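Spelled out, the chains give:
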Amino acid sequence: MDNEKNTGQVTEQQLTDRDVTAHTAALWKYKPVPESPEPYPESICAGESSDGFEVLAASVRGKKHKHEGSNRDDAFAFDFCGGAVIAAVSDGAGSKPLSRIGAKFACDAVLNYAKIRMTAIERDIPDYKKALGKAFDDPDFGRVCSELAGMLRDSCAEAYSAVEAAYEKRKDLPEFEQALGRKPEIKDFSCTLLISVVIPVETANGREYLTAALQIGDGMIASYDENADFGSALVILGAADSGGFAGETEFITTEQMRSPDSLMSRTKIRRGKMTCLMLMTDGVADDYYPNDPQLLRLVLDLRLNGIKRITVDGDSGITDIKIPDPTEYPWVNDSDVRYALQYTKGVLSESGLTLEQLWKNRGLQEKSCLKAFDIVHEKTPKDMLQVWLDNYVERGSFDDRTLLIVNTEV
């Protein structure tokens, strides 16, 4: 220090990632959900099990929205139908003042319509699950896949119609005109849309899952098989859409999103082993970039924080590994409240392991999770998912966060 004073030079200390996040986490301010027309809850979560599936979902208001006092714009919806799961996630455009309404109406419309179509498929093709278990080149397999793909595309049309109806109902209401300082426009309701249906089928290789997915806009749809090798465990089922300019994304209110050809190119169908499907808005997906393989780090974060179970298959076989304590940051809603969370990044940094090594080492995951430190924030996975989404800290992350998880074989 004396040498620095004598020479007039100052040693620049390099800040760690943890130093930066600790500093920025304390800068966020909190303003409650505004008293605007149709304010939406700050956060929501849900969890249900049926027919061998467990679905967990949560949506939380982003730090920027809390700081500015604006609404949460994300939405989700899911239900069970004929032994299948139907799920939808939507991100209301942050620059559009009524996008939260569009997102909710879009998800609800998808769910309502898809359930009707799934019931019709069951009625018209009673053995449709048997057909989905046949060879990929079998005409029966192709017929049912075509029906499912058409259902997803038509669901998007229903979502747009629902958003349009929501706009028509509100465009002349004085409270909306007063809030906006002008009459509402259809683009004020802009939102993305991610849809999936998951169907269990019996094949020559045993139980597999047929997943049909369609994505408009950013976010991510992905599945994984925890019993597969690391390199083949993750499957990306969606692709973030970009608009005509950098940083743009597509919305269901975009004209081309009503084109059957455009929707067909966004439709993906896959059959294979799967233990989990995840649908998420970009508020989560962007924090795990590049998504392949970093979405496996997301899975580990869910395990380490008690949201997903860890199946321990014997001793870890690794000794003298340094495991970091869970990290606490002030909660944006109340700086006096802190939730200790465990970060896969921290475990990898302290242990020197790679993501692949930690993924394979469930014994070490067990030793690193919150439960190993006698920390329990919430009793149910859905509530813990909400707490984790609302409190994990990542540099440059401040958007709404929504994550829907479909666990299979539970």
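In this report, the structure presented in the accompanying data block is examined.

Cut-offs applied
Residues numbered from 1 in each chain as written. Predicted model: local features only at pLDDT ≥ 70, side-chain atom pairs only at ≥ 80, totals over all residues. Heavy atoms only, no water. Phe/Tyr/Trp six-rings, centres within 6.5 Å; stacked < 30°, edge-to-face > 60°. Helix = DSSP H or I, 4+ residues; strand = E, 2+ residues; numbered from the N terminus. Buried < 20%, exposed > 50% of the residue type's maximum accessible area, 1.4 Å probe, protein only. Lys NZ or Arg CZ within 6 Å of the ring centre and 35° of its normal. Pairing = 2+ DSSP bridges. Expected span 1.5 Å × (residues − 1). Contact = heavy atoms within 4.5 Å. Axes fitted to C-alpha atoms, helices over the stretch in contact; angles between N-to-C directions. Left-handed = near helix turned anticlockwise from the far one by under 90°. Nonpolar A, V, L, I, M, F, W, Y, C, P; charged D, E, K, R; others polar. Core = buried A, V, L, I, M, F, W, Y, C linked by side-chain atoms within 4.5 Å. Salt bridge = Lys/Arg side-chain N within 4 Å of Asp/Glu carboxyl O. Parallel < 35°, antiparallel > 145°, perpendicular 65-115°, else oblique.

## As for the packing of aromatic side chains
A full pass over the atoms with the stated rule returns 9 aromatic pairs. Plain terms: the ring middles of W28 and F398 are 6.3 Å apart, the flat faces sit at 45° to each other, and that makes the pair tilted. Residue W28 is found in the loop between α2 (17-25) and β1 (43-50), and its partner F398 is found in the loop between α15 (381-391) and β13 (401-408); the two are separated by 370 residues along the sequence. A centroid spacing of 6.0 Å and a plane angle of 65° characterise the contact between F53 and Y209, whose relative ring orientation is edge-to-face. Highlighted residues: F53 in strand β2 (residues 53-60) and Y209 in strand β6 (residues 206-216), separated in sequence by 156 residues. Residue class for F53 comes out buried when judged on its relative accessible area of 2%. One cation-aromatic arrangement involves R100 over Y40; the distance from NZ or CZ to the ring centre is 5.9 Å. Against the face of Y392 rests R401, its NZ or CZ located 3.5 Å from the ring centre.

## Examining the pairing of β6
Looking along a regular strand, one sees side chains alternate from face to face of the sheet. Among the 11 residues of β6, 9 are classified as buried, and the element is accordingly described as predominantly covered. As paired elements, strand β5 (residues 193-203) and β6 share 11 bridges and run antiparallel to each other. By the bridge assignment for β6, L194 is matched with Q215. In this structure, the hairpin formed by β5 and β6 is closed by a connection of 2 residues.

## Section: helix α11 (residues 291-304)
With 14 residues, α11 should reach 20 Å at 1.5 Å per residue; the first-to-last C-alpha distance of 19 Å fits that figure. Counting buried positions along α11 yields 12 of 14 residues, so the element is predominantly enclosed. Of the positions making up α11, those classed as buried are N291, Q294, L295, L296, R297, L298, V299, L300, D301, L302, R303 and L304.

## Some thoughts on the side chain of S196
Structurally, the position occupied by S196 is in strand β5. The residues contacting S196, other than those within four sequence positions of it, are V85, I86, A87, A212, A213, I221, L277 and L279.

## Observations concerning the packing of helix α4 (residues 99-124) against helix α6 (residues 139-170)
Angle between the axes and distance between the axes: these two values describe a pair of packed helices. For the pair α4 and α6, interaxial distance at closest approach is 7 Å and the crossing angle is 145°. Crossing of α4 against α6: the hand is right-handed. Here the contact of α4 with α6 is built from residues that sort into 15 nonpolar, 3 polar and 7 charged.

## Points about the nonpolar core
Grouped together as the largest cluster of nonpolar side chains are 48 residues, with contacts concentrated most on L298, L385, W388 and L403. A total of 7 residues in this core trace back to one element, the largest contributor, which is α11. For L385, the contacting residues outside a window of four places in its chain are L56, A57, A58, L302, I307, L403 and I405.

## Some details on unusual backbone geometry
Glycine aside, a negative phi is what most residues show, and trans is what most peptide bonds show. The omega angle of the peptide bond from Y289 to P290 is -5°, so this bond is cis rather than trans. In this fold, P290 is placed in the loop between α10 (282-285) and α11. Put simply, D292 and P293 share a cis peptide bond, and its omega is 20°. Inspection of the secondary structure assignment puts P293 in helix α11.

## So, the pairing of strand β12 (residues 334-341)
Pairing between strand β11 (residues 327-331) and β12: 5 bridges, direction antiparallel. Among the inter-strand pairings, E328 is bridged to a residue of β12, identified as A340. Linking β11 back to β12 in an antiparallel pair, the connection comprises 2 residues.

## As for the pattern of salt bridges
Tallied over the entire structure, the rule returns 24 salt bridges. Close ionic contact of K345 with E394 constitutes a salt bridge, the shortest N to O distance being 2.6 Å. Taken together, the positions of K345 in helix α12 (residues 344-351) and E394 in the loop between α15 and β13 put the pair 49 residues apart, joining distant regions of the chain. Among the residues examined, K345 registers a relative accessible area of 37% and is labelled partly exposed. Take E394: its relative accessible area is 17%, and that puts it in the buried class. Among the charged side chains, a salt-bridge network with shared partners connects E42, R61, K66 and D390.

## Points about the packing of α11 against α12
Between α11 and α12, whose axes approach to 9 Å, the crossing angle comes to 95°. One finds that α11 runs roughly perpendicular with respect to α12. Counted together, R297, L300, D301 and L304 of α11 and T344, K345 and V347 of α12 form the full contact between these two elements. Across the contact of α11 with α12, the residue classes break down as 3 nonpolar, 1 polar and 3 charged.

## Brief notes about the sheet that holds strand β8 (residues 234-236)
Ordered by their spatial adjacency, 6 strands build an open sheet running β1-β2-β13-β10-β7-β8, and the pairing between neighbours is antiparallel. Sheet topology places β1 and β8 at the edges, where each strand pairs with a single neighbour. Mean inter-strand twist for the sheet, computed between neighbouring axes without regard to direction, equals 15°. Helix-sheet contacts for α11 involve β7 (220-224), β8, β10 (276-280) and β13, and the interaxial angle to β8 is about 120°. Packing against the sheet, α15 makes contact with β1, β2 and β13, and its axis sits at approximately 35° to β2.

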